[in-house]
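Okay, here's what each chain looks like letter by letter:
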Amino acid sequence: MLLLIKNVKLYAPDDMGTNDILICNEKIVNVGKKLQIRYEDLRVLDGEGMFAVPGFIDQHVHVTGGGGEGSFRTRVPELKLSDCVKAGVTTVLGLLGTDGLTRSVENLVAKTKALNEEGITAYCLTGSYGYPPITLTGNLKKDVAFIQEVLGVKVAISDHRSSHMTKEEFTRVASDVRVASLMSGKPGLIVCHLGNGKRGLGPIFDVLDDTELPIWHFRPTHAQKVREDAIAFGKRGGYVDYTAGARGTGTAKSVVGAIEAGIPAHLITVSTDSNSSQPRWNEKNEMVGITAAEHGHPSCNPQSPGFRGGNAPFKGPRVHHQQRSLGAWSGIEEGRLETGLRRGHFAFGRETEPPYGAFQRPSDDARG
Ligand SMILES: [Zn+2]
């Protein structure tokens, strides 16, 4: 199949201006101005007024649905492929959250396989907020080593919903992921959900200070909750993940602040936490409200009108930080349109150029 997309505004991810893109059998084979192609079965798509960007990578998605903290009726539904694609996301990392009781790693792995069958790239993590981590094989190391989709483990720190792992328990989990990742050639991610607890990133620093485990295994997420700790962590060479659209936390300000504080931009990622619950807690940790985050929701959709207007600090889609760091650990060459992409790895939408950073909405700045 030969497809020519004409006159599309192209970010690769840098602004390359208006270009034609030639796709052969789902791979980009040529990019240029006014490409002349002679081929009988050539399919031509008019890209006027549209933009093409490398598919977004979202490394924090509750693909099987999260939530449940407000009883069973607050379990969030699972991700639909269409929500993902509409948001321009072509690679997801699925994970579990608070609920390791009614949700299972088996179901998560199955959903991850389904998303891959449907044409996007999907990975997942074993474990949840709890300790010991729930697994598919009954063994953390075996999950990471032998289940193709599993890239590491999810844990929770500094959160009243966590199992409050001791330093020894956390060290053992991290060590198991480290060894299993070495055996299987995987990145060995330890995605650490951060709550509002007073210890912040302290539990990670404790493990780092007491062991020789490389810092890049640890991926703290919701980093805007621990501004100073996150900056210290990034300066030590760790990846720091900020959550888009979190209420009143000013994702853009956090990211800009982190860069200005000296964290190298390639260590900063942004993810959506899509299909999670968004519970609100009072100072006594009593729940005072709960909503759900969806990929199609303005807070999670980089192409939605909710991302326009206001004074966002970014110009153009700043997706490359996320892609570069994910590309580094997944070993997958993607995110560069001019080098050719795997199937489905480009996003194409009838919009004007996106003026905001990926997963950023202007209202965050206003509230920040
Ligand atoms: Zn989450």
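Numbering of residues starts from 1 in each chain and follows the order in which that chain's sequence is written. Predicted model: local features are reported for residues with pLDDT of at least 70 only, side-chain atom pairs are reported and counted for 80 or more only, and whole-chain, interface and lining totals are derived from all residues.

**Points about the overall build of the protein chain**
We count it as follows: Put simply, DSSP H or I for four residues or longer makes a helix, DSSP E for two residues or longer makes a strand, and each gets a number counted from the N terminus. Exposure is read from a count of other C-beta atoms within 10 Å of each residue's own; the residue is exposed at 12 or fewer, buried at 20 or more and partly exposed in between. C-beta atoms are placed from the backbone. By the convention adopted here, residues make contact when the C-beta atoms placed from their backbones lie within 7 Å.
Along the protein chain, the regular secondary structure elements total nine helices and 16 strands. Split into buried and exposed, the 368 residues of the protein chain put 50% on the buried side. Counted over contacts in the protein chain with a minimum sequence separation of 6, partners at least 24 positions apart contribute 72%.

**Side note on the nonpolar core**
So the rule is basically this: By definition, a nonpolar core groups buried Ala, Val, Leu, Ile, Met, Phe, Trp, Tyr and Cys residues that are joined through C-beta atoms within 7 Å.
Ranked by size, the top nonpolar core spans 62 residues in total, and within it C124, L125, I190 and V240 carry the most contacts. If one sorts the elements of this core by residue count, strand 9 (residues 150-157) sits on top with six residues. For V240, the residues in contact, after removing those within four places along its chain, are P220, A223, A230, F233, G234, A258, I263, L267 and I268. Membership of the second largest hydrophobic core comes to 13 residues, among which are V8, Y11, I21 and V31.

**Re the pairing of strand 5 (residues 51-54)**
Cut-off, in case you're wondering: Two strands form a pair only when DSSP identifies at least two bridges running between them.
Residues F51 and V53 of strand 5 are buried on one face, and the alternating residues A52 and P54, pointing to the opposite face, are buried as well. As paired elements, strand 1 (residues 2-11) and strand 5 share two bridges and run parallel to each other. Paired with L10 across the bridge in strand 5 is A52.

**Overview of the packing of helix 4 (residues 167-184) against helix 5 (residues 202-210)**
Here is the rule: Comment: axis = line fitted to C-alpha atoms, over the contacting stretch for helices; angle = value between 0 and 180 degrees taken between N-to-C directions. In this scheme, roughly parallel covers angles under 35 degrees and roughly antiparallel covers those over 145, while 65 to 115 is roughly perpendicular and the rest are oblique. Only Asp, Glu, Lys and Arg are considered charged in this grouping, and only Ala, Val, Leu, Ile, Met, Phe, Trp, Tyr, Cys and Pro are considered nonpolar; every other residue, Gly among them, is considered polar.
Where helix 4 contacts helix 5, the axes come no closer than 10 Å and their chain directions differ by 70°. One element, helix 4, and the other, helix 5, form an angle in the roughly perpendicular class. For the pair formed by helix 4 and helix 5, the contact residues are K167, F170, T171 and A174 on the first element and P203, D206, V207 and D210 on the second. Looking at the contact of helix 4 with helix 5 residue by residue, the class counts come to four nonpolar, one polar and three charged.

**Some points on the confidence of the model for the protein chain**
So the rule is basically this: A score between 0 and 100, pLDDT records how confident the predictor is in each residue.
Mean pLDDT over the protein chain works out to 78, with 77% of the residues at or above the 70 mark. Low pLDDT, under 50, characterises residues 296-346; the stretch is placed with 139 contacts to residues that sit more than four places away or in other chains. Overall, residues 350-368 carries pLDDT values under 50, and its contacts beyond four positions in sequence, including any with other chains, amount to 68 contacts.

**Considerations on the packing of helix 6 (residues 227-235) against helix 7 (residues 251-260)**
Put simply, the test is: Each crossing gets its hand from how the near helix is turned against the far one by less than a right angle, where anticlockwise is left-handed and clockwise is right-handed.
Close contact between helix 6 and helix 7 brings their axes to 10 Å; oriented N to C, the two are set at 45°. Here helix 6 is positioned oblique relative to helix 7, judged by the angle of their axes. Of the two elements, helix 6 crosses helix 7, and the hand of that crossing is right-handed. Residues R227, A230, I231 and G234 of helix 6 form the contact with helix 7, whose participating residues are S254, G257 and A258. Split by residue class, the contact of helix 6 with helix 7 holds three nonpolar, three polar and one charged.

**Overview of the pairing of strand 9**
Convention followed: Look down the strands so they point away from you; if going from the first strand over the helix to the second traces a clockwise path, that crossover is right-handed.
The buried fraction of strand 9 is high, at eight of eight residues. Of the strand pairs in this sheet, strand 8 (residues 121-126) and strand 9 are connected by three bridges, and their pairing is parallel. By the bridge assignment for strand 9, T126 is matched with V153. Pairing of strand 9 with strand 10 (residues 189-194), which is carried by six bridges, proceeds in the parallel orientation. From the neighbouring strand, K154 faces strand 10, where its bridge partner is V191. You can see the chain leave strand 9, run along helix 4 and come back into strand 10, and the turn it takes is right-handed.

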